[in-house]
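Observations on the model geometry
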Amino acid sequence: MLKRRSFLKRTTLLGSMLGGWPLFSTLARQGLQAPGHATVISTWNHGIPANARAWQILAAGGTPVDAAEGGVRVVESDPDNSSVGIGGRPDRDGRVTLDASIMAPDGNCGAVAALEHIENPISVARKVMEDTPHVMLVGDGALQFALEQGFTKKNLLTEASRQAWQQWLKNAEYKPVINIENHDTIGLLVQDADGHIAGACTTSGLAYKMHGRVGDSPIIGAGLFVDDEVGGATATGMGEAVIKVAGSHTVVELMRQGYEPCEACREAVKRITRKEPRYKELQVGFLALRKDGLTGGFAIHQGFNYALMTAADNNRMVNADSLL
Ligand code: ASP
């Protein structure tokens with residue numbers, strides 16, 4: 001395995017010689033890029049630009065935490081994405097409330113829940129991790145902290161999201177949607193060339209949820225878990241079901257017992273289906289990255305896919321297997 005320094009030296013050199021990321025990925029396709037053992041994996045279609053950004057950060061010498069945060073920020077800041085960050089679907093009162101968590105290779109972690117008006121909740125979660133003695137801040141307290149840290153207050157309800165919400169209000173029927181437009185929460189796991197793993201998970205949560213509802217994404221062990229000795233896991237879909245089985249922690253513990261990532265995700269999905277009588281009406285997908293670089297995903301329903309980026313794989317979508 002290439003040492004981190006030589007991976008970064010070679011990738012950065014190639015990137016700068018050729019003027020930036022697009023040519024750098026062409027090199028990867030031609031097999032000219034230093035392989036290293038770096039891997040980035042993330043949920044849904046929006047994982048492609050998130051992975052590309054995370055990889056670029058690693059190649060420029062960033063840490064796995066820098067890469068995880070930077071990768072998901074791309075999706076948070078995309079106003080056309082209706083399930084994460086700005087443009088996210090609001091709750092039933094028309095308020096966009098965001099949940100996010102981040103976890104570092106040393107086991108440190110941070111999270112925010114029900115945070116309003118801040119475009120990049122993942123960066124606030126990182127500040128909670130690094131600059132406070134706490135793991136999670138919620139609601140007004142999280143907002144107050146973000147503003148103290150210099151984050152800017154913004155209106156996150158885009159015109160498209162406002163119109164969709166007003167349409168929803170006509171019947172106000174609450175019904176979880178499976179595979180919403182093939183994007184949802186973004187959970188991203190990254191392993192650097194030295195094998196160290198970090199993860200990030202960020203979402204606007206279920207569309208038209210009750211005000212104050214918090215899902216799995218900001219809950220360490222549910223929407224995200226990393227143990228640098230074993231691997232990492234992240235979740236998407238119906239947060240209540242994921243929380244009930246401490247989903248991402250379960251996946252990591254199964255990998256510790258020797259399960260391959262895909263099998264570990266499958267077993268966690270099966271735990272949900274054993275406990276949730278109405279599991280056929282909801283989607284949950286897990287994604288896992290093991291310490292040896294092996295990756296996998298599994299969901300209740302078909303249609304869950306994820307973006308995988310390695311030196312060999314460049315950056316491509318993979319369809320996860322499913323129970324149904
Ligand atoms: N897991 C998220 C939540 O329950 C949303 C989703 O992935 O659909 O808030």
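Everything that follows concerns the structure shown earlier in this document.
First things first, this report covers the structure right here in the doc.

For the ligand, the full set of nearby residues is Asp184, Thr185, Thr203, Gly205, Leu206, Arg213, Gly215, Asp216, Ser217, Thr236, Gly237 and Gly239. Arg213 places a polar side-chain atom, nitrogen or oxygen, 2.7 Å from an oxygen atom of the ligand. A distance of 2.7 Å separates a nitrogen atom of the ligand from a polar atom in the side chain of Asp216. Relative to its unbound accessible area of 270 Å², the ligand is 98% covered by the protein chains. Classifying every residue of the shell around the ligand by side-chain character gives one nonpolar, eight polar and three charged.

A separate point is the pairing of strand β10 (residues 295–299). Most of β10 sits out of view: four of its five residues are buried. Bridging between strand β9 (residues 284–290) and β10 involves five bridges; their strand directions are antiparallel. Across the sheet, Leu287 pairs through a bridge with Gly297, a residue of β10. Here β9 hands over to β10 after four residues, with Gly293 in that stretch at a positive phi of 90°. Examined bridge by bridge, β10 and strand β13 (residues 321–322) share two bridges and lie parallel to one another. If you follow Ala299 over to β13, its bridge partner there is Ser322.

A few words on helix α6 (residues 139–148). Among all positions in α6, only Gly139, Ala142, Leu143, Phe145 and Ala146 are buried. What you see down the axis of α6 is that its buried residues fit within an arc of 160°, all on one side. Facing away from the buried side of α6, by more than 90 degrees, are the exposed residues Asp140 and Glu148. Summarising the contacts, the buried residues of α6 are in contact with β3 (109–115), α5 (121–131) and β4 (136–138). Gly150 sits one or two positions beyond α6 and adopts a positive phi of about 95°.

Analysis parameters
Residues numbered from 1 in each chain as written. Predicted model: local features only at pLDDT ≥ 70, side-chain atom pairs only at ≥ 80, totals over all residues. Heavy atoms only, no water. Near = heavy atom within 4 Å. Polar contact = N/O pair within 3.5 Å; in protein donor to acceptor, adjacent residues only side chain to side chain. Areas by Shrake-Rupley, 256 points an atom, 1.4 Å probe, with all protein chains shown as cover. Nonpolar A, V, L, I, M, F, W, Y, C, P; charged D, E, K, R; others polar. Buried < 20%, exposed > 50% of the residue type's maximum accessible area, 1.4 Å probe, protein only. Helix = DSSP H or I, 4+ residues; strand = E, 2+ residues; numbered from the N terminus. Pairing = 2+ DSSP bridges. Arc of directions from axis to C-beta. Contact = heavy atoms within 4.5 Å.

These figures come from the coordinates and say nothing about function on their own.
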